[in-house]
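Chain by chain, the residues:
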Amino acid sequence: MRAVRLDPIDRKILSELQADGRMTNVELAKRVGISAPPCLRRVRTLEEQGFIRGYHADVDPRELGFEVQVFAMVGLQSQAEADLRAFEDRCRAWPLVRECHMLNGEVDFILKCVAPDLSTFQTFLTDQLLTATNVGSVKTSLVIRGAKDEPGVPFEVLEDRLSRSA
């Protein structure tokens, strides 16, 4: 497990920043129990090592007029590596596709899409997704409401796992 390289302070820094990436270094240092200068060095090291990939605002799509969220399950005609990569590249170019995950099972990919309205999504579906090279099938599910949307990882599970292995 890669996280074993992290000491408890590093894991606490990650947990705190995952919950609130806007807090100041002084506040973060206070919460993890160290002074500000070593806290900042640790954060920079965690960024350089790739544990922290970036800092993002959690915007509300509905407040910005994106009323429709859809999951699209995509089956490809060919699962050759070059074809999988080509589809992933195409997904990166579609603005309405916010997430793209390759799956094991009945479908090859699941896409999380957002659109301002159903008509915009339908146009994307019929003019772009369904006509894309190598796409064999698409099944869509419209999100009625979300019950949970937690970013990152559950640090309490990591800490419990590490305490049992120590």
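Residues numbered from 1 in each chain as written. Predicted model: local features only at pLDDT ≥ 70, side-chain atom pairs only at ≥ 80, totals over all residues. Heavy atoms only, no water.

Let's shift gears to helix α6 (residues 155-165). Taken residue by residue, α6 has Phe155, Leu158 and Leu162 as its buried positions. Along the long axis of α6, the arc covered by the buried residues comes to 55°, so they all point the same way. Away from its buried face by more than 90 degrees, α6 exposes Glu156 and Arg164. In this structure, the buried residues of α6 make contact with α1 (8-19). (Buried < 20%, exposed > 50% of the residue type's maximum accessible area, 1.4 Å probe, protein only. Helix = DSSP H or I, 4+ residues; strand = E, 2+ residues; numbered from the N terminus. Arc of directions from axis to C-beta. Contact = heavy atoms within 4.5 Å.)

Moving on, we come to the sheet that holds strand β1 (residues 68-76). Taking strand neighbours across the sheet as the criterion, the four strands line up as β2-β3-β1-β4 in an open arrangement whose pairing is antiparallel. One side of each edge strand has no neighbouring strand; the edge strands of this open sheet are β2 (97-102) and β4 (135-142). The sheet shows a mean angle of 20° between the axes of neighbouring strands, taken without regard to direction. Two strands pair when backbone bridges link them, and β2 and strand β3 (residues 109-115) are joined in this way by five bridges, in the antiparallel orientation. The residue of β3 that forms the bridge with Val97 is Cys113. On the sheet, helix α4 (residues 81-93) packs against β1, β2, β3 and β4 and is oriented at approximately 10° with respect to β3. Docked against the sheet, helix α5 (residues 118-129) engages β1, β2, β3 and β4, running at close to 170° with respect to β4. (Pairing = 2+ DSSP bridges. Axes fitted to C-alpha atoms, helices over the stretch in contact; angles between N-to-C directions.)

With phi around 75°, Asn134 is a residue other than glycine that occupies positive phi space. If you trace the backbone, Asn134 turns up in the loop between α5 and β4. With relative accessibility at 14%, the residue Asn134 sits in the buried group.

A word on the UniProt feature "domain: HTH asnC-type" (unreviewed entry) in the protein. UniProt records the feature "domain: HTH asnC-type" (unreviewed entry) at residues 6-67, using the numbering of this structure. The span residues 6-67 is 53% helix and 0% strand, and its two end C-alpha atoms sit 40 Å from each other. (UniProt positions renumbered as here; feature names shortened; annotations may be inferred.)

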